[in-house]
Amino acid sequence: MKLSSVNGFNAFWIASTSTYFGTYVTTFVLQVLIVVHLEGSAIDVGWINASRWLPYVFLGLIIGVLIDRTDRQLVIATTDICRGILLILIFLLYSFDMLNMITISSIMILFGILSIFNDSAYQSFLPQLVPRQLLTRANASLEQSGAVAETSGPALAGWITSLITAPFTLIINSASYFLSGIIITFIKHPPKAISSVSTLTFNQLLREGISWVYGHKFLRILALNTHIWFLFHSMTTTVFITYVLLELGLNSFILGVTLASAGIGAVVGATYAPYIGIKLGVGKAISLARILYFPAVILIISAQSVQANMVTGTIILLMIGQFIYGVAMGIEGPNEMGYRQSITPLRLQGRMNTTMRSINRSMIIIGAPLGGFIADEFGSRNVLGISATGLAICAIWLFLSPIRKVKID
């Protein structure tokens with residue numbers, strides 16, 4: 001059976017691609033809006049970004065229960081449209097000179113809450129739409145779109161912003177969310193299976209979701225390993241920019257090129273993710289991806305060693321390191337998500353996704369400022385060394401665990 005023959009998937013893919021671009025454009029434009037139009041500082045940018053992630057920490061588990069008791073398709077469509085409205089609200093507040101750090105932070109908290117509902121429903125709706133044996137391929141297609149959006153979205157946003165300014169770009173970008181919401185509304189799919197989930201109390205549903213993730217023989221290992229991985233991953237991504245711009249003394253154009261290399265690598269990795277998952281088994285595919293992160297960061301660290309002799313060599317090492325990092329993420333994402341979705345009953349999909357996602361986002365909130373603090377005290381290169389060590393430990397732990405033997409039948 002081909003993925004293209006699955007009723008509704010192509011529409012779902014188009015809608016997802018639209019929101020992927022919307023997300024990366026929004027992130028870029030908000031930073032420009034804060035720094036250029038509101039004359040904010042880097043700390044202000046950090047607080048606004050944190051505002052988007054904080055709801056995951058406090059509401060993620062609760063929202064997972066709600067998602068498993070509601071129409072996931074309706075949740076995706078509604079939250080997409082509401083996020084588009086919030087972007088228009090930011091534009092209107094700016095136009096009437098009513099936008100400041102407090103109001104924009106408050107709006108982004110609401111944006112983050114809507115995103116939790118959307119992410120959980122989105123990840124839980126896919127297994128309802130796509131047969132179990134095609135989940136890895138479906139996730140790979142979505143991962144490719146996400147990688148392209150990550151690579152080209154900021155560049156597109158930069159071009160539009162230079163033409164019409166950041167506030168007006170938000171108006172245009174709101175259309176990406178409206179488009180997604182409209183498309184999702186008209187997708188036809190098999191009805192959600194009726195289960196006894198509605199007969200349980202809220203607390204029972206909450207405990208059931210947590211128990212499923214951390215009580216499952218294989219999912220528990222994957223979840224705990226992924227939580228630690230996110231801690232070191234967030235440290236890596238946090239200090240990479242200061243490492244390139246300040247410690248290596250390269251310009252923002254080179255920074256953009258190296259980051260684009262990661263996006264290209266993610267597209268390549270996602271393209272071959274289903275094949276690797278079938279050939280090696282999903283467990284070994286995920287383990288392979290985790291192994292690749294270590295040499296990727298080591299190459300990035302090594303870029304400083306050759307800088308004194310050859311700037312071109314420094315740039316090449318940064319690009320190769322980022323490319324390998326992207327390939328690893330491209331391979332890992334579809335296989336991990338496909339496995340998680342394939343072993344989890346439909347009635348538990350929302351709670352499984354939000355349980356893992358909430359803890360992962362908590363690790364980002366811890367790892368990002370921790371990496372920044374260590375970088376200020378000891379340098380970004382040393383933080384990358386710590387990150388490389390942590391990522392290596394995660395890789396060895398996962399490779400030696402029973403996870404490497406799991407497959408999607």
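Use the structure listed above.
Now for a quick tour of the structure.

Thresholds applied
- Residues numbered from 1 in each chain as written.
- Predicted model: local features only at pLDDT ≥ 70, side-chain atom pairs only at ≥ 80, totals over all residues.
- Heavy atoms only, no water.
- Core = buried A, V, L, I, M, F, W, Y, C linked by side-chain atoms within 4.5 Å.
- Buried < 20%, exposed > 50% of the residue type's maximum accessible area, 1.4 Å probe, protein only.
- Helix = DSSP H or I, 4+ residues; strand = E, 2+ residues; numbered from the N terminus.
- Contact = heavy atoms within 4.5 Å.
- Salt bridge = Lys/Arg side-chain N within 4 Å of Asp/Glu carboxyl O.
- 1 Å grid on protein atoms, 1.4 Å probe; cavity = no way out; pocket = protein on both sides within 12 Å on 5 of 7 lines; lining within 4 Å.
- Points joined across faces, edges and corners; volume = space filled by probe spheres on them.
- Nonpolar A, V, L, I, M, F, W, Y, C, P; charged D, E, K, R; others polar.
- Phe/Tyr/Trp six-rings, centres within 6.5 Å; stacked < 30°, edge-to-face > 60°.

Here's the deal with the nonpolar core
Formed by 38 residues in total, the largest nonpolar core has its most connected members in Tyr243 and Leu318. Secondary-structure elements contributing two or more residues to this core are helix 8 (219–247), helix 9 (252–280), helix 10 (282–307), helix 11 (311–343), helix 12 (349–378) and helix 13 (380–400). Take this core: its biggest share by element is nine residues, from helix 8. Not counting residues within four places of it along the chain, the set of residues in contact with Leu318 comprises Phe240, Tyr243, Val244, Leu248, Leu250, Thr258, Ile300 and Ala303. Val6, Ile67, Tyr122 and Leu134 belong to the second largest nonpolar core, which has 25 residues in total.

Comments concerning unusual backbone geometry
For residues besides glycine, phi is generally negative; the peptide bonds are generally trans as well. The residue Asp97 is not glycine, and still its phi comes out positive at about 55°. Mapping Asp97 onto the fold places it in the loop between helix 3 (72–95) and helix 4 (101–129). With phi around 75°, Thr165 is a residue other than glycine that occupies positive phi space. Mapping Thr165 onto the fold places it in the loop between helix 5 (135–164) and helix 6 (166–185).

Some words on the pattern of salt bridges
Going through the model one piece at a time under the given rule, you end up with nine salt bridges. Note that Asp119 and Arg357 form a salt bridge whose closest N and O atoms lie 3.2 Å from each other. Placement of the pair is Asp119 in helix 4 and Arg357 in helix 12, with a sequence separation of 238 residues. Neither Asp119 nor Arg357 differs from the other in exposure class; each is buried. For Arg351, the salt bridge identified is with Glu208, shortest N-O distance 2.8 Å. Highlighted residues: Arg351 in helix 12 and Glu208 in helix 7 (residues 202–215), separated in sequence by 143 residues. Judged by relative accessible area, which is 2%, Arg351 ranks as buried.

Some thoughts on the layout of surface pockets
Each pocket or cavity is described by its volume, and for the second largest pocket that value is around 280 Å³. Surrounding the second largest pocket, 15 residues form its lining, Thr136, Pro274, Gly277, Ile278 and Ile408 being those nearest its centre. Broken down by secondary-structure element, the contributors of at least two residues to the lining of the second largest pocket are helix 5 and helix 9. The element contributing the most residues to the lining of the second largest pocket is helix 9, with four residues. Grouping the constituent residues of the lining of the second largest pocket by class yields five nonpolar, five polar and five charged.

Some details on the packing of aromatic side chains
Going through the model one piece at a time under the given rule, you end up with seven aromatic pairs. Summarising the aromatic geometry, the rings of Phe12 and Phe125 are spaced 5.8 Å apart at their centres and angled 50° between planes, so their arrangement reads as tilted. Highlighted residues: Phe12 in helix 1 (residues 9–37) and Phe125 in helix 4, separated in sequence by 113 residues. By relative accessible area, Phe12 is classed as buried at 0%. The exposure class of Phe125 is buried, given its relative accessible area of 0%. Where Trp229 meets Phe230, the ring centres are 5.1 Å apart and the plane angle is 90°; that geometry is what we call edge-to-face.

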